[in-house]
Amino acid sequence: MNKPTELPTPVTGKQKMTPSEAFVETLVAHGVKDVFGIVGSAYMDALDLFPLAGIRFISVAHEQGGGHMADGYSRVTGRHGVCIAQNGPGITNFVTSTAAAYWAHSPVVVITPETGSGTLGLGGFQETEQLPIFSKITKFQAHVNNRTRMAELTSRAFDRAHLELGPTQLNIPRDFFYGDIECEIPRPIAIERGAGGDRSLDAAADLLASAKFPVILCGGGIVMADGQPEAVRLAEVLQAPVANSYLHNDSFPAKHALWVGPLGYQGSKAAMSLIAKADVVLALGTRLGPFGTLPQYGMEYWPKNAKIIQVDADAKMLGLVKPITVGICGDARATAQALVERLAGKALASIANKESRLADIAAAKKTWEAELDGWAHEKDAWSLEVSKSSTHMHPRQMLRELEKAMPEGVMVSTDIGNICSVSNSYLRFNRPRSMLAAMSFGNCGYAFPTIIGAKVAAPDRAAVAYVGDGAWGMSFGEIQTCVRENIPVTAVVFNNGQWGAEKKNHVDFYENRFVGVNLDKQPSWAKVAQAMGAEGQTIEKLSDVGPALRAATKAQSEGKTTILEMMVTRELGDPFRRDALAMPVRHLDKYKSTAAR
Ligand SMILES: Cc1ncc(C[n+]2csc(CCOP(=O)(O)OP(=O)(O)O)c2C)c(N)n1
Ligand SMILES: [Mg+2]
């Protein structure tokens, strides 16, 4: 979270300044060092001050990319990510990235200069109503309705992004950057969240003390609260297995004996089989999103009869998706600490029987690892057919090689797509703020710009994006940003020549009637990378995967961005949402041939 003691000091005292100066000094007051965007006349008067204010402006290829970079930056630092653009089209380009940040709970401040107040409503150049567009994808919208309020409202947009755990919008009529005002720069408001109410904490501690098979489900709230040490301590006190919530594989250290892997789509069967046995589940810092516990591998693993304790910093999330026994509105770190304190001195049923549970954990993990080792390729009829005459790599084997070659402390972003989803089984982290998946908004094109923002935030950490070739077509333009702004990252592009995740639905439901899913006549993405000033390599053989990833991540320290184009077969893993599709029903004669038989 925002650490006020580390923040620089802006100008102090009430004094005369321009609104541009007030705006920039408020950014300084909130510790802003980097802003992502595309230049525009709407805010040029403020932009002119950035260098002297110590703010780096990172010029991107597309505003959506800039928004995702701000998201990645905030997810790695825990501080604000900031993006800005030209009124009208520059701002509408932020819609997708803002919605993605909303569902990732990222404190991104989206700065949206708008058309001048003097001509608003006349349908002039680059005019659109910018507040309604973002109203459902931000936690707070500040509109500067008077230039004298520039610092106040700017500061509030920053404060609210932390307080409400998500993106906020700061909308500024472009003429309001100019003029003379008298104002004082507000200091950031830092609100400490507590552990939760005494009654709910007592009830949770009693339940945990009596639990014979407690399981902790560790979510993104632990990452955001920097609470991993407290989560580890609590797990050790209870000797409870710990699963990661869906796409938060960095919420608990994978090297820990109690770690059992992620739940959800393409997650760990060890985690699923163990949570199925739980009599008490502690959902620590997770909203228990509806997709996070969908059945997988034909397993219904959510323990319907277990008592559920849910901890979330947002009270509205408690009991929203799943019925719960105890809800605690608290900061996951503080709550974990408070539970450790309450459990001290209590007789714990889970300690009395810990040997058998530890044996269960070790056995479940061993079985799952062995299954992954042997799972060289997908075994459904279609996958076998398309891969039998292919010389390309099996995606799963390639993902295993990548996993083994990951450098210490790596950050990995993942896109939406079949191979990215399968990678969930092969991504393990020992450090929080390391996994940056496209969260529930699930937009293709998320991973590459997000890892660029992460790299700006943590230049000394290796940064790797996993991207399907379809999603790559949407996002490779940001190679320009890497090269131009010297932000070295590695992108691993899975070339299977298709929008695979969607094709899987054609295979499962539409008898292979493919419409719009083949990505024929793609360029060589390795050559495209080279033409854009990055390194590009095509990887055909499994034995080259590990060495290529190691070399590419190492080359980041020499300032090199590398695109590794992995040539993989067209086989496809399980689909994301079998539950959401139905076999085709047709009533009109014209379409009868497409009806399910
Ligand atoms: C912006 C956006 N458009 C469309 C979709 C629907 N969609 C989900 S996965 C997918 C296919 C991804 O293909 P690719 O990136 O090549 O990865 P693959 O599935 O082949 O591994 C599509 C089109 C989406 N999630 N986001
Ligand atoms: Mg693909």
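The structure we're discussing is the one just above.
Residues numbered from 1 in each chain as written. Chains lettered and ligands numbered in written order. Predicted model: local features only at pLDDT ≥ 70, side-chain atom pairs only at ≥ 80, totals over all residues. Heavy atoms only, no water.

1. Notes on the site of ligand 1
With respect to spatial proximity, 18 residues lie near ligand 1, and among them Asn 418, Asp 469, Gly 470, Gly 500 and Ala 501 are the closest. In the model, a nitrogen atom of ligand 1 is placed 3.1 Å from a nitrogen or oxygen of the Glu 502 side chain. Isolated, ligand 1 exposes 590 Å² of accessible area, and the fraction of that covered by the protein chains is 79%. Of all the elements in the fold, those that place two or more residues in the shell around ligand 1 are α18 (418-422), α20 (469-475) and α22 (500-509). Sorting elements by how many residues they give to the shell around ligand 1 places α20 first, with 4 residues. (Near = heavy atom within 4 Å. Polar contact = N/O pair within 3.5 Å; in protein donor to acceptor, adjacent residues only side chain to side chain. Areas by Shrake-Rupley, 256 points an atom, 1.4 Å probe, with all protein chains shown as cover. Helix = DSSP H or I, 4+ residues; strand = E, 2+ residues; numbered from the N terminus.)

2. Section: the nonpolar core
Membership of the largest hydrophobic core comes to 99 residues, with the highest contact counts inside it found for Leu 234, Leu 284, Met 398, Leu 402, Tyr 466, Phe 494 and Met 566. Apart from residues lying up to four places away in sequence, Met 566 is in contact with Met 393, Met 398, Leu 402, Val 492, Val 493, Phe 494, Asn 495, Ile 539 and Val 545. Membership of the second largest hydrophobic core comes to 42 residues, among which are Met 411, Ala 458, Ala 463 and Ala 465. (Core = buried A, V, L, I, M, F, W, Y, C linked by side-chain atoms within 4.5 Å. Buried < 20%, exposed > 50% of the residue type's maximum accessible area, 1.4 Å probe, protein only. Contact = heavy atoms within 4.5 Å.)

3. What to know about the pairing of strand β19 (residues 535-539)
The pairing of β19 with strand β20 (residues 562-567) spans 5 bridges and is classified as parallel. Across the sheet, residue Thr 538 finds its bridge partner in β20, namely Glu 565. The β-α-β motif built from β19, the intervening helix α24 (residues 542-555) and the parallel element β20 has right-handed crossover chirality. (Pairing = 2+ DSSP bridges. Right-handed = clockwise from strand over helix to strand, strands pointing away.)

4. With respect to the packing of helix α11 (residues 228-238) against helix α13 (residues 332-343)
Interhelical geometry of α11 versus α13 gives an angle of 30 degrees and a closest axis separation of 8 Å. As far as their axial angle goes, α13 and α11 are roughly parallel. Of the two elements, α11 crosses α13, and the hand of that crossing is left-handed. Across the interface between the two elements, Glu 230, Ala 231, Arg 233, Leu 234, Val 237 and Leu 238 of α11 pack against Arg 333, Ala 336, Gln 337, Leu 339, Val 340 and Leu 343 of α13. For the contact of α11 with α13, the class distribution of residues is 8 nonpolar, 1 polar and 3 charged. (Axes fitted to C-alpha atoms, helices over the stretch in contact; angles between N-to-C directions. Parallel < 35°, antiparallel > 145°, perpendicular 65-115°, else oblique. Left-handed = near helix turned anticlockwise from the far one by under 90°. Nonpolar A, V, L, I, M, F, W, Y, C, P; charged D, E, K, R; others polar.)

5. Brief notes about the pattern of salt bridges
In this structure the tally under the stated criterion is 31 salt bridges. For the salt bridge of Asp 380 with Lys 504, the shortest nitrogen-to-oxygen distance reads 3.9 Å. In this pair, Asp 380 sits in the loop between α15 (354-374) and α16 (381-388) while Lys 504 sits in helix α22, placing the two residues 124 residues apart along the sequence. Here Lys 404 ties to Glu 401 by a salt bridge, and the two come within 3.2 Å at their closest N and O atoms. Separated by 3 residues within a single helix, Lys 404 and Glu 401 lie in helix α17 (residues 395-404), roughly one turn from each other. The partly exposed category is assigned to Glu 401, whose relative accessible area is 23%. Within this structure, Glu 369, Asp 373, Arg 400, Glu 403 and Arg 428 form a network of salt bridges that share partners. (Salt bridge = Lys/Arg side-chain N within 4 Å of Asp/Glu carboxyl O.)

6. As for the sheet that holds strand β7 (residues 168-173)
Across the sheet, which stays open at both edges, the 6 strands sit in the order β3-β2-β4-β5-β7-β6 with parallel pairing between neighbours. The sheet terminates laterally at β3 (56-59) and β6 (140-143), the two strands that pair on one side only. Strand-to-strand twist of the sheet, defined as the mean angle between neighbouring strand axes without regard to direction, takes the value 25 degrees. In this sheet, strand β5 (residues 108-114) lies alongside strand β4 (residues 81-84) in parallel orientation, the contact comprising 4 bridges. Opposite Gly 81, over in β5, you have Val 108 as the bridge partner.

7. So, the side chain of Glu 63
Mapped onto the fold, Glu 63 is located in helix α4 (residues 63-77). Arg 484 provides the closest opposite charge to the buried, unpaired Glu 63, separated from it by 11 Å. When sequence neighbours within four positions are dropped, the list of residues in contact with Glu 63 reads Ile 38, Ala 85, Gly 90, Asn 93, Phe 94 and Ser 97. (Lys, Arg positive; Asp, Glu negative; His and termini not counted.)

8. As for the state of the cysteines
Under the criterion given, the structure shown has 0 disulfides. Of the cysteine sulfurs around Cys 218, a residue in no disulfide, the closest is that of Cys 329, at 18 Å. You can see Cys 444 has no disulfide; the closest cysteine sulfur is in Cys 420, sitting 8.9 Å from it. For Cys 444, a relative accessible area of 24% gives the class partly exposed. (Disulfide = S-S within 2.5 Å.)

9. Section: unusual backbone geometry
For Gln 126, which is not a glycine, the phi torsion comes out positive at approximately 55 degrees. Along the chain, Gln 126 turns up in the loop between β5 and α7 (130-134). A positive phi angle, close to 55 degrees, is found at Arg 433, a residue other than glycine. Mapped onto the elements, Arg 433 comes out in the loop between α18 and β16 (435-437). Given a relative accessible area of 9%, Arg 433 falls into the buried group.

10. Observations concerning the sheet that holds strand β12 (residues 280-284)
Taken together, 6 strands build an open sheet; the order of strands is β11-β10-β9-β12-β13-β14 and the sheet is parallel. Edge strands, defined here as strands with exactly one partner in the open sheet, are β11 (259-262) and β14 (326-329). The sheet shows a mean angle of 15 degrees between the axes of neighbouring strands, taken without regard to direction. Relative to strand β13 (residues 307-312), β12 runs parallel, the two sharing 5 bridges. Among the inter-strand pairings, Leu 284 is bridged to a residue of β13, identified as Val 311. Contacting β12, β13 and β14, helix α9 (residues 198-210) crosses the sheet at an angle of about 130 degrees to β14. Here α11 sits on the sheet and contacts β9 (214-218), β10 (242-244) and β12; the angle it forms with β9, its principal contact strand, is near 170 degrees.

Interpretation note: all reported values are geometric properties and have no functional meaning in isolation.
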